[in-house]
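# An overview of the molecular structure
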Amino acid sequence: MAATQAEIDRLATLALPPQRLLIGSTRPEGEAAPVAVLSPIDGRALTTLAAASEADVARATSAARATFDAGVWSRAAPATRKAVLHRLADLIEKHALELAVLGVRDNGTEISMALKAEPGSAAGTFRYYAEALDKVYGEIAPTADNILALIHRDPVGVVGAIVPWNFPLMIGAWKIAPALAAGNSVVLKPAETASLTLIRLAELALEAGLPPGVLNVVTGPGAVTGQALALSMEVDVLAFTGSGATGRRLLQSAAQSNLKRCYLELGGKSPNIVFADAPDLAAAAKAAATAIFRNAGQVCVAGSRLLVQAEVAEEFTAALVAATEKMQPGNPLDLATQMGAINSAPQLAANLRFVTDAGAEGGRLMTGGAQVLQETGGWYMQPTVIADVAPHHRLFREEVFGPVLAVTPFADEAEALRLANATDFGLASGVWTANLSRAHRMVRGLRAGVVHVNTYGGADGTVPLGGVKQSGNGHDKSLHALDKYTDLKTAWISL
Ligand code: NAD
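These numbers come from a predicted model, not from an experiment.

One can describe the packing of helix α14 (residues 413-420) onto helix α15 (residues 436-445) by two numbers: an axis separation of 11 Å at closest approach and a directional angle of 30°. Considering the angle they form, α14 stands roughly parallel to α15. Crossing hand, α14 versus α15: right-handed. Here Glu 413, Ala 416 and Leu 417 of α14 come into contact with α15, specifically with Arg 438, Arg 441, Met 442 and Gly 445. For the contact of α14 with α15, the residue count by class is 3 nonpolar, 1 polar and 3 charged.

We now examine helix α9 (residues 244-256). Between its first and last C-alpha, α9 extends 18 Å over 13 residues, near the 18 Å set by a 1.5 Å rise per residue. Of all the residues in α9, the buried ones are Gly 247, Leu 250, Ser 253 and Ala 254. Along the axis of α9, the buried positions cluster into a sector of 120°, meaning they face one direction only. Of the exposed residues in α9, the ones pointing more than 90 degrees away from its buried face are Ala 255 and Gln 256. Contact partners of the buried residues in α9: β5 (158-162), α8 (222-231), β8 (237-241) and β9 (261-265).

Turning our attention to the packing of aromatic side chains. The tally for this structure, following the rule as stated, stands at 3 aromatic pairs. Judged by centre distance (5.2 Å) and plane angle (70°), the rings of Trp 165 and Phe 401 are edge-to-face. Pair noted here: Trp 165 is in the loop between β5 and α6 (168-181) and Phe 401 is in the loop between α13 (394-397) and β16 (404-410), with a separation of 236 residues, a long-range link. The buried category is assigned to Phe 401, whose relative accessible area is 17%. Between the aromatic rings of Phe 275 and Phe 410, the centroid separation amounts to 5.2 Å while the plane-to-plane angle is 70°, which identifies the pairing as edge-to-face. Of this pair, Phe 275 sits in the loop between β10 (271-274) and α10 (281-293) while Phe 410 sits in strand β16, and the two are 135 residues apart along the sequence. With respect to burial, Phe 275 and Phe 410 carry one shared label: buried. The cationic tip of Arg 394 hangs over the ring face of Phe 354; the distance from NZ or CZ to the ring centre is 3.7 Å. Directly above the ring of Phe 275 sits Arg 438, whose terminal nitrogen or CZ lies 4.3 Å from the centroid.

Contacts to the ligand come from 28 residues, most closely from Glu 192, Ser 243, Thr 246, Leu 266 and Glu 399. One of the backbone N or O atoms of Gly 222 is found 3.5 Å from a nitrogen atom in the ligand. With respect to the ligand, the backbone of Leu 266 contributes an N or O atom lying 2.7 Å from a nitrogen atom. Look at the ligand: alone it shows 840 Å² of surface, and the protein chains cover 91% of it. When grouped by side-chain class, the residues that make up the shell around the ligand number 14 nonpolar, 9 polar and 5 charged.

Once that is clear, we can look at helix α7 (residues 196-207). Side chains three or four residues apart in an α-helix point the same way, a direct result of the helix having 3.6 residues per turn. Along its 12 residues, α7 runs 17 Å from first to last C-alpha, staying within 8% of the 16 Å computed at 1.5 Å per residue. By the criterion of burial, α7 is predominantly enclosed, with 9 of the 12 residues buried. Taken together, the buried positions of α7 are occupied by Leu 196, Thr 197, Leu 198, Ile 199, Arg 200, Leu 201, Ala 202, Leu 204 and Ala 205. Where α7 ends, the next residue or the one after it, Gly 209, has phi of about 105°, a positive value.

The strand order across the open sheet built from 5 strands is β7-β6-β5-β8-β9, with neighbouring strands paired in parallel fashion. Whereas interior strands pair on both sides, the edge strands pair on one side only; in this sheet they are β7 (215-217) and β9. Adjacent strand axes in the sheet meet at a mean angle of 15° when their direction is disregarded. In this structure, β5 lies alongside β8, joined through 4 bridges in parallel fashion. Residue pairing across strands places Ala 161 opposite Ala 239, the latter belonging to β8. Its contacts with the sheet put helix α2 (residues 54-70) on β5, β6 (185-189) and β7, and the angle it makes with β6 is roughly 160°. Against the sheet, α8 contacts β5, β6 and β8, and its axis sits at roughly 160° relative to β6.

Before going further, it helps to spend a moment on the side chain of Gln 309. Turning to its location among the elements, Gln 309 is positioned in strand β11 (residues 305-309). The residues contacting Gln 309, other than those within four sequence positions of it, are Val 274, Phe 275, Ala 276, Phe 410, Ala 411 and Asp 412.

This brings us to the sheet that holds strand β4 (residues 147-155). The 3 strands lie next to each other as β3-β4-β19, forming an open sheet whose pairing is antiparallel. Looking at the sheet topology across the chains shown, the edges are occupied by β3 (139-140) and β19 (486-494). Inspection of the sheet shows β3 paired to β4 by 2 bridges, in the antiparallel sense. Each bridged residue has a counterpart across the sheet, and for Glu 139 the counterpart in β4 is Ile 151.

Time to look at the domain arrangement of the chain. Under the domain assignment, the chain is made up of domain 1 (5-266 + 472-494) and domain 2 (271-459). Domain 1 and domain 2 are separated by 31 Å when their C-alpha centres are compared. Together domain 1 and domain 2 conceal approximately 2,100 Å² of surface at their shared face, both sides included; 58% is due to carbon and sulfur atoms. Three residues, Ile 41, Glu 110 and Trp 165, lead the burial of domain 1 against domain 2; their summed loss comes to 27% of the area buried on that side. One can count 1 salt bridge joining domain 1 with domain 2. Where Glu 110 meets Arg 294, a salt bridge forms, and the shortest distance between an N and an O atom there is 3.1 Å.

Attention now moves to the pairing of β6. The side chains of a regular strand alternate, residue by residue, between the two faces of the sheet. Burial within β6 is extensive, with 5 of its 5 residues counted as buried. Covered by surrounding structure in β6 are Ser 185, Val 187 and Lys 189 together with Val 186 and Leu 188, the residues of both alternating faces. With 5 bridges joining them, β5 and β6 adopt parallel strand pairing. Following the sheet pairing, Ile 162 is matched in β6 by Lys 189. This β-α-β element, β5 to α6 to β6, shows right-handed connectivity. Note that the unit made of β6, α7 and β7 has a crossover that is right-handed.

Procedures and definitions
Residues numbered from 1 in each chain as written. Predicted model: local features only at pLDDT ≥ 70, side-chain atom pairs only at ≥ 80, totals over all residues. Heavy atoms only, no water. Axes fitted to C-alpha atoms, helices over the stretch in contact; angles between N-to-C directions. Helix = DSSP H or I, 4+ residues; strand = E, 2+ residues; numbered from the N terminus. Parallel < 35°, antiparallel > 145°, perpendicular 65-115°, else oblique. Left-handed = near helix turned anticlockwise from the far one by under 90°. Contact = heavy atoms within 4.5 Å. Nonpolar A, V, L, I, M, F, W, Y, C, P; charged D, E, K, R; others polar. Expected span 1.5 Å × (residues − 1). Buried < 20%, exposed > 50% of the residue type's maximum accessible area, 1.4 Å probe, protein only. Arc of directions from axis to C-beta. Phe/Tyr/Trp six-rings, centres within 6.5 Å; stacked < 30°, edge-to-face > 60°. Lys NZ or Arg CZ within 6 Å of the ring centre and 35° of its normal. Near = heavy atom within 4 Å. Polar contact = N/O pair within 3.5 Å; in protein donor to acceptor, adjacent residues only side chain to side chain. Areas by Shrake-Rupley, 256 points an atom, 1.4 Å probe, with all protein chains shown as cover. Pairing = 2+ DSSP bridges. Domains from an automatic or database assignment. Buried area = accessible area lost by both parts, 1.4 Å probe. Salt bridge = Lys/Arg side-chain N within 4 Å of Asp/Glu carboxyl O. Right-handed = clockwise from strand over helix to strand, strands pointing away.

Right, dumping it as structure tokens:
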């Protein structure tokens, strides 16, 4: 997409109407008091967001259940579902710049990244599952001759999707697209600080021909709207991306209600491990900076712990600091900006607390550490590198979800692996080495959902993304994601 700065600037001035819920074909205001939407760019009010009450959520889940039972989508021919999902992808592409700018105004991601990661990725995800849905077959089991055993794959019914504020369109599509492709109805709960693009996506889905009630959107506070969805007796599967604390609450809500299956994509504290024999240490240093600082560190797979072999630690850290200092935050709507805003004032305060705590525990501030651009009224933080971070430090163990990188030296491969695995998380990781055997040994030894080798952060829709340990269960993307949204059913037929 050729995005010009002038067009971005024009779209950024458009007034936004109060945002409503989408339940079936209706657009109710929501029973609870609307929530103000503040832009991280300048702290100003963009619009208001409807807050769905428990009763609103019940209406949304009933609408989803009714459409599922009626079969308007769940039993529609695969070719019909495929055509609608492709039309939705077309519409996302047609409105890509509008969606990207809307999202940036809402959540503060730098536009250069949002253009690729948000509409671009979401359109691709809808196309991927549109194409996949008529290529997944049932099975015939190898039974005795007098039996025919068929294994069907049925849609699960009503899927509740609860998503976070970083990359709402991309992550929302990772859940909505496979769920719809498999024939389910969906109730989507976006994050309070990043709902706008997903509301627009649902409007585009109706325009694409998705029957009303198949995709419903309930916005509002997690503790009210999200919790009501998690406690719903109508929701068969909860697909969640967000923090571990919320993930725990969802499991409790599932236990208190109908034992719905919960797929949790949670946080990370991903190690990026640089060995002295890395093929290009200068390139690795630049990549280590982008691995943590793009989207101001608000990336689940961010390489937030740099483990560097002691013999090159000083030289490498100096190169890293130089690369970091070139990535200062700026206006997220400027195409040249490499690092945007922090999503909210509380998130900025939490990030800054990590810096203070790291200093108190013996971490050495190498660069950054402060709030900047206060004059804008928005929330911005310098990219921050802290060295001498030890395994017992808070910064080593807890996810910041902001632009703060912890640097820890290691002596040898065994220590690198031990340090890498020494957190409760297991989402992503990176290994930089020219030694092929070492690379494979590390891939085997790392407890993580993804291991990048001599790169960091690359992926596409063909590969699953998910974590181990307290980074969650279940995977988004690839054909494997369809497993979350389908139930197996056996037909055992006596011949
Ligand atoms: P969060 O857990 O605060 O919120 C996520 C969603 O849950 C929001 O929609 C929120 O409204 C809702 N929610 C909050 N409390 C709830 C409750 N009690 N019941 C039901 N729903 C509730 O997370 P966040 O701050 O929006 O996102 C940041 C987190 O997401 C980080 O930990 C990050 O690592 C993680 N994340 C993980 C992945 C991944 O693929 N593993 C991707 C992106 C982000």
